[in-house]
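# Observations on chain architecture
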Amino acid sequence: MNKIDYRKIYELLNRHEILDYDCGQLCSAACCRPDGCYDEDVINEDYLIDDPDGEMGIFLYPGEEELTKLEDWQSHSVEDAEEVGFPENWGSVTFVSCGGKAFCKREKRPLQCRLFPLTPHLSEDDELSLIYFPDDLPYRCPIIERQLAINEEALADLLEACRMMLEDERVCELIRSDSERRYEEEQDFITVYPK
Ligand code: SF4
Ligand code: SF4
């Protein structure tokens, strides 16, 4: 199994921000609120809570924990992958709890934080693209809601990072199964890059 060089991916993705300003200003950084205290105007009233005690978890891709486990501003918990809806071939999955934006070392934040509000998608022809994160969240991300233009350089780097991640069959399996589910459920999604 090919191992992903997360250090290389972090370096690649540290080169460009997705917008020319801090998008957290638009929503008081809703996606970095472990306390779930979202601004009223970004709360998703339609969000169905199936686990009222659960926090919004950030998962780490397989092997990414090797890079982040020494970060004292993050705490990690390990779950059985299948039990929490990840592919069986992951074995286990590590979740991060981060304490919020005030504690974040941005250049060391997990890959999932770097990809949001996008997510990788594989078409039925196996073409890789980036789409707006299409699943329901307790808040509405203004970038998705307003379809704000994302920097082309950042998009190209994110797509390249996802290509590198596909080298690992476990990540490939996750991206493929998420993509297939979208087709099976006839979920609406918007392709951002490449158009
Ligand atoms: S990605 Fe979306 S939800 Fe997160 S800080 Fe930026 S605008 Fe807000
Ligand atoms: S690690 Fe940083 S970017 Fe990720 S959710 Fe926490 S505060 Fe936000």
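Throughout what follows, the structure given in this document is the object of discussion.

### Overview of the site of ligand 1
- Around ligand 1, the neighbouring residues are C23, G24, C27, A29, C31, F116, P117, Y139, C141, P142 and I143.
- Taken together, the residues of the shell around ligand 1 sort by class into 10 nonpolar, one polar and no charged.

### Points about the site of ligand 2
- As a matter of local geometry, ligand 2 sits amid C31, C32, I58, W73, C98, G100, K101, C104, R109, P110 and C113.
- Residue composition of the shell around ligand 2, by class: eight nonpolar, one polar and two charged.

### Brief notes about helix α1 (residues 6-13)
- Three or more residues of α1 are buried, namely Y6, I9, Y10, L12 and L13. Buried residues along α1 cover an arc of 160° about the axis, so they all sit on one side. The exposed residues of α1 that point more than 90 degrees off its buried face are R7 and E11.
- In the core, the buried residues of α1 are packed alongside α2 (65-68), α3 (111-115), α5 (152-165) and α6 (169-184).

### Notes on the pattern of salt bridges
- All told, the structure shown has 13 salt bridges when counted by the stated rule.
- A salt bridge links D168 to R170, with the shortest nitrogen-to-oxygen separation between them at 2.8 Å. One exposure class covers both D168 and R170, and it is buried.
- A salt bridge links E185 to R181; its shortest N-O distance comes to 3.7 Å.
- The structure contains a network of salt bridges with shared partners spanning D135, D178, R181 and E185.

### Here we look at the sheet that holds strand β5 (residues 128-132)
- On the basis of which strands lie adjacent, the open sheet formed by three strands has the order β4-β5-β6 and antiparallel pairing. The open sheet has two edge strands, β4 (118-122) and β6 (191-193), and neither has a second partner. Taken pair by pair, the neighbouring strands of this sheet meet at an average axis angle of 50°, ignoring direction.
- Looking at chain direction, β4 and β5 are connected through five bridges and run antiparallel. The partner of P120 across the bridge, within β5, is L130.
- Sheet strands in contact with α5 are β4, β5 and β6, and its direction is about 125° off that of β5.
- Lying over the sheet, α6 contacts β4 and β5, oriented at roughly 85° with respect to β4.

Criteria and cut-off values
Residues numbered from 1 in each chain as written. Chains lettered and ligands numbered in written order. Predicted model: local features only at pLDDT ≥ 70, side-chain atom pairs only at ≥ 80, totals over all residues. Heavy atoms only, no water. Near = heavy atom within 4 Å. Nonpolar A, V, L, I, M, F, W, Y, C, P; charged D, E, K, R; others polar. Buried < 20%, exposed > 50% of the residue type's maximum accessible area, 1.4 Å probe, protein only. Helix = DSSP H or I, 4+ residues; strand = E, 2+ residues; numbered from the N terminus. Arc of directions from axis to C-beta. Contact = heavy atoms within 4.5 Å. Salt bridge = Lys/Arg side-chain N within 4 Å of Asp/Glu carboxyl O. Pairing = 2+ DSSP bridges. Axes fitted to C-alpha atoms, helices over the stretch in contact; angles between N-to-C directions.

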